[in-house]
Amino acid sequence: MKKKLLEWYKQHGRHSLPWRNTDDIYHVYLSEIMLQQTQVNRVMEEYYPQFLSKFPTLQALADAPQDDVLAAWSGLGYYSRARNLHKTAKLSPLTLSQDEKELLKLPGIGRYTASAICSFGYSQAVPVVDTNIARVLKRYFALISPKDTTLWSKATEILNVEFPRAHNLALMDLGSMVCLPKNPKCQECPFQKHCLGKEEPELYTQTKKTIYESLELFYGVCVKENRVALHYSTEKMYKDMLVLPRVEPLEENFIGSFKHSYTKYRITVNLYRAEEFLEDIVWVDLNELKSAPISSLIKKAQKYF
Ligand code: SF4
């Protein structure tokens, strides 16, 4: 089974991904953080190379102001990832520990990321379980709603200790390209012969429906002398990012509204011309907005400035 998996990987794996062709641990770490909630293509085309050209080393990242780091993350969402990345760089500006336990002490690094760094960056013989690998394991072993600890021990059980890095990357690619959430391509799968779940694969990976929350926001828009009034958010959703300041929604000042989706929120954004705000403001030059830590919500609102 392990041999077949590696043969499949050799032929079909995503070998050209840039973070798979580097031995720079910072690059591996950055890719893992970016990929946590974002599609591979988006990371590869819009963020990973750009971020590395701005902050080529952990030291450069550590030395940068947080505003610059958040600006480079602008539009990628889940901004705590960028804040934690920055904090970790400050704590470990030269390199990252090779010890999984030490890695787990760093901000934003959980069990998956620590294992991924050890496996993909340091080629250690440790198991890795991400969403894709979990799906393969659940089906291969026919596990219904297993605990995380069960998945990690199954991953350890099948780990190829001779080629652990390639093995984990292969499992990840298998989950992402063959053992798909819907209609897995079992005929193309190297595990087909021994997979216990192949008759009813979807039985083992039923997912809970995401519950979305509706949210209505009331923001003020004030532009003076080519500068716009913004506010450094203290709220969890956009912490330390520049957002529009909240205002009292007065009908006579209404200028427009639009819909925006962010994580589990379905947001209606209502904009009002305003001179007075409910929050502290900073003035940002409109020409400098591009390099400011703003979210895609603010980018959408820009047409009303
Ligand atoms: S045989 Fe099918 S269900 Fe089993 S691991 Fe392969 S793709 Fe997934």
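Parameters at a glance
- Residues numbered from 1 in each chain as written.
- Predicted model: local features only at pLDDT ≥ 70, side-chain atom pairs only at ≥ 80, totals over all residues.
- Heavy atoms only, no water.
- Salt bridge = Lys/Arg side-chain N within 4 Å of Asp/Glu carboxyl O.
- Helix = DSSP H or I, 4+ residues; strand = E, 2+ residues; numbered from the N terminus.
- Buried < 20%, exposed > 50% of the residue type's maximum accessible area, 1.4 Å probe, protein only.
- Contact = heavy atoms within 4.5 Å.
- Pairing = 2+ DSSP bridges.
- Axes fitted to C-alpha atoms, helices over the stretch in contact; angles between N-to-C directions.

Caption draft 1: Molecular detail of the pattern of salt bridges. All chains considered together, the criterion is met by nine salt bridges. For D173, the salt bridge is made with R20, and the minimal N-O distance between the two is 2.8 Å. On the criterion of sequence distance, the pair formed by D173 in helix α11 (residues 164-177) and R20 in the loop between α1 (2-12) and α2 (25-35) is long-range, its members being 153 residues apart. Residue classification places R20 among the buried positions, given a relative accessible area of 9%. One salt-bridge network, in which partners are shared between bridges, spans R14, R20 and D173.

Caption draft 2: Fine view of the environment of P190. Tracing the sequence through the fold places P190 in the loop between α11 and β1 (213-221). Classification of P190 by relative accessible area gives buried; the value is 15%. Non-local contacts of P190, meaning those with residues more than four positions away in its chain, are made with K4, L5, W8 and L174.

Caption draft 3: Focus on the sheet that holds β1. Read across the open sheet, the three strands follow the order β1-β6-β5; overall the sheet is mixed. At either margin of the open sheet sits one strand with a lone partner, and together these are β1 and β5 (254-262). Put simply, the sheet's adjacent strands are angled 20° from each other on average, direction ignored. As paired elements, β5 and strand β6 (residues 265-273) share eight bridges and run antiparallel to each other.

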